[in-house]
Structure formats: C-alpha cells, structure tokens
Amino acid sequence: MNFKSAPTLPVACVDAQLFTLRNAYGMRVTVSERGAALVSWWAPDRYGRMADVLLGYPSDAQYRGNPSYFGAIIGRWANRIAAGRFMLDGRPVQADVNDRGNHLHGGADGFHCAHWRGVMAHGGLTLRHVSPDGEGGFPGNVEVQVFYQLDDDGCLSIEYQATSDAPTPINLTSHPYFNLNGGAGDVGDHMLQIDADYYLQIDPAGIPVGRAGVGGTPFDFRQPAAIGPRLRWPDAQIRLAGGFDHCYCLSDDAMGNASALRTVARVYDPGSGRQLQVATTEAGLQFYSGNCLEGVQGRSRQPYSRHDGFCLEAGAFPDQLNGQHAAAVILRPGQVYRQTTVYRLSLQC
C-alpha cells in the first residue's frame, strides 16, 4: 500500500500514514493511522517462510469506512448496546444505531474510521485521537491513546489509555482478523483454547440474554479443539449467529472488572506451526469466526470467504451498560481508563 500524505487537504481526505514495527527475527507489524488499525503482521512458519497472518484491505480508501472493522481500534463502545439506549446518572442516552436496531462498535463513524495521529517513540508506536462531545451520541470530550510495541518474543502489546471531561461509557478493543496459515485456507483446522467456563448466550440481534456454562456445548474450548467441526454442531446459538460471535466470561468477577494481565486463549495452526496466544486485563473475550466475510474484497485476488479469519476481542461485556454492573464501565472526569492486551505469535514444533 502507498498511503501518501497530503497536508493541504481536509483531514478526512488525507491518506493515513503507515508505521512498521520490527523485531530481531524478521517479524514485522504494520499499523495505519486510519482507525489505528493493524494492517499486516508478517511472521515465519516452521520452515522459515514468511506470510501475513492478518486479513485486510489493499488501500487506505477501504479503511476510511472499514465495514468489517479489519484490524481497527474500536470505540467508544466495542460490541453492542441494545437499541443504543442506556441510562447515565439517571438520564437516558441514545447512541447511534447501526446493527439491527442496536449500537455496534462505536457506530458508523466510530474510532475504527477516525484519522489517528501516530508517533514512533519509546520503542514503539503511540497513536492519539480526540473524540468530541456528542460523537456517536456519547457525552463528553474523550482523549484516547494507544501504544503498540513488538518485542523479540513475538509479543505485540496494545496499551490503551483514555480520559474524559464528562461521565461517559468507555470500552475499547482491537479487532484484528487472524488466519495463521497466511491465507492458504480457512481457519477450520485451527485449534482453539479459551480459558472460560461460561459464555454469554445471545438473541437474534446479538444482544446477550444470559450466562451459560460451556460444558457439553460447541462453546467448550477449555481443551484445544478444531474450530471447523464446532461450526457444524446442531446448536441453536451457532445457527443464530451463523457461527461464533459470542463473549466468553474470563473470570468469576460478575462486575466485569479488569484484573491482572493473564493468558486467556491460544490458537494453533497445524499446517504452519504458528501459535497465537492472547493475554489481557479484561473480563470478556469475544470470539468471532468471520461469519460475514463472504465476498469481502481484501488484499488477495479472490474475495474472502466465510470463516477465512477469526477474531479474539478483549473488552468489557456486550450491553453491560444495561445490566446491574453498568457503573464499572463509566469513565468519569479525573479517572484514567486503562486496558492492556497482548497478542503473541510463536512457533510450536
């Protein structure tokens, strides 16, 4: 891609700058100012052959809308809010609705299509964005910063910070689509493990309706299991979403509070030997199996097909604003929102 700068144009028309992080073993991650998005991640397989393990678009033009949210930072609210409505300090708030009558991923003009400002410093990349009061229907001016760093162990750290001048919901996540075989096939043979005993069941619009145990269901990834066969289970929740698009509860903390950074998921591709580990401070992990990728034109000659990539998005619980623990996801003046998620790519012999 060639994202040239054109400072004489309005910000919305300026092509976003690209930054590349590298480690000592040839691994490289490219990040765009558009949506602070992870554009590519080149990594070796067990034979030393390099491949890009991320799905994405061929140019900045597609990232300006990014309807698939490829690689982007999501905000102000990642995941869904039922009907886009919630109460904040006793008054109703109406956020934008853009998915079956609900709010999804910050709305049509969320953080995923904003032009962030990036600076390489302190061994990594810092990107900043200011979201004005009323954007997406949310109150308060919010300043958000994301710091990316790639180390020699293959760990891509994402550290988030945000402040606001008025009470407002905040729930940020990263939305990369992974395919550990580098696009040689779909992700059906990827072996997934998620350290969670419970997940959130959903209604037809993707809104959680209750917590359920994973035991005896296709959602039980406490031991590694191939994704593909689970997609074919005769399960009502799988049929409802066309695959997986569900949040896993990573701890018994019903408040959904953040905790210490810990590894919560692993994915292994037998063909390439690549392994992805996910560590996070967050209480929820959305597993999405690329159910809506059919026909999306990415960087390859052929459009993507269904289940050509998967997402593991760490954050608060979907629609938590309409539950009894809504206060845990409200950012108030004087407070600092913090979140850390680490994706680690390595080889398993």
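What you see is a predicted model, and the numbers here were worked out from it, not measured in a lab. (Residues numbered from 1 in each chain as written. Predicted model: local features only at pLDDT ≥ 70, side-chain atom pairs only at ≥ 80, totals over all residues. Heavy atoms only, no water.)

Draft legend 1. Main features of the sheet that holds strand 20 (residues 245–249). Sheet architecture is open: five strands sit in the order 18-17-20-23-24, paired in antiparallel fashion. The open sheet has two free edges, formed respectively by strand 18 (208–213) and strand 24 (311–315), since each of these has just one partner strand. Sheet twist, expressed as the mean angle between neighbouring strand axes with direction ignored, is 30 degrees. Where strand 23 (residues 284–288) and strand 24 come together, five bridges link them in antiparallel fashion. Bridge pairing in strand 24 links leucine 285 to alanine 314. (Pairing = 2+ DSSP bridges. Helix = DSSP H or I, 4+ residues; strand = E, 2+ residues; numbered from the N terminus. Axes fitted to C-alpha atoms, helices over the stretch in contact; angles between N-to-C directions.)

Draft legend 2. Layout of the nonpolar core. Judged by nonpolar contacts, the single largest core of 60 residues is most densely connected at Trp41, Tyr148, Ile194, Tyr248, Phe287 and Leu312. At five residues, the largest contribution of residues to this core is made by strand 12 (residues 142–150). Here tyrosine 248 is in contact with Ile194, Ala196, Tyr198, Tyr199, Val214, Phe219, Phe221, Ala283, Gly284, Leu285, Phe287 and Phe317, once residues within four sequence places are set aside. (Core = buried A, V, L, I, M, F, W, Y, C linked by side-chain atoms within 4.5 Å. Buried < 20%, exposed > 50% of the residue type's maximum accessible area, 1.4 Å probe, protein only. Contact = heavy atoms within 4.5 Å.)

Draft legend 3. Inspection of the UniProt feature "binding site: beta-D-galactose" (unreviewed entry) in the protein at higher detail. Under the present numbering, the feature "binding site: beta-D-galactose" (unreviewed entry) in UniProt falls on Asn79, Arg80, His175, Pro176, Tyr177 and Asp245. Examined against the element boundaries, arginine 80 turns out to sit in strand 6 (residues 80–81). When its relative accessible area of 6% is taken as the criterion, arginine 80 is described as buried. Excluding anything up to four places from it in sequence, histidine 175 contacts Ser68, Tyr69, Phe70, Gly71, Ala72, Ile74, His105, Cys311 and Glu313. (UniProt positions renumbered as here; feature names shortened; annotations may be inferred.)

Draft legend 4. Structural view of the UniProt feature "active site" (unreviewed entry) in the protein. When the UniProt feature table is mapped onto this chain, "active site" (unreviewed entry) is found at His175 and Glu313. In sequence the annotated residues extend across 139 residues, while in space they remain close, none of their C-alpha pairs exceeding 6.0 Å. Here histidine 175 shows up in the loop between strand 15 (173–174) and strand 16 (191–194). Overall, the relative accessible area of 3% leaves histidine 175 in the buried class. With respect to the helices and strands, the residue glutamate 313 is situated in strand 24. Residue glutamate 313 is classed as buried on the basis of its relative accessible area of 5%. In contact with glutamate 313, other than residues within four places in its own chain, are His105, Thr173, Ser174, His175, Gly284, Leu285, Gln286 and Tyr288.

Draft legend 5. Local environment of the state of the cysteines. Considering all chains together, one arrives at zero disulfides under this definition. The cysteine cysteine 292 is free of any disulfide, with cysteine 311 supplying the nearest cysteine sulfur at 11 Å. On the accessibility criterion, cysteine 292 (60% relative accessible area) is exposed. By relative accessible area, cysteine 311 is classed as buried at 0%. (Disulfide = S-S within 2.5 Å.)

Draft legend 6. Fine view of the pairing of strand 17 (residues 198–202). Looking at chain direction, strand 17 and strand 18 are connected through five bridges and run antiparallel. Along strand 18, the bridge assignment pairs glutamine 201 with glycine 210. Where strand 17 folds back on strand 18, the antiparallel hairpin that results is connected by five residues, among which glycine 206 adopts a positive phi of roughly 85 degrees. Here two bridges tie strand 17 to strand 20, and the two strands are oriented antiparallel to one another. Residue tyrosine 199 lies in a different strand from strand 20, and its bridge partner there is tyrosine 248.

Draft legend 7. Here's a closer look at the pairing of strand 16. As defined by bridge partners, strand 16 adjoins strand 19 (residues 225–226) across two bridges and the pair is classed as antiparallel. Bridging from a neighbouring strand, leucine 192 pairs with alanine 225 of strand 19. By the bridge criterion, four bridges tie strand 16 to strand 21 (residues 262–268) in an arrangement that is antiparallel. Among the inter-strand pairings, glutamine 193 is bridged to a residue of strand 21, identified as arginine 266.

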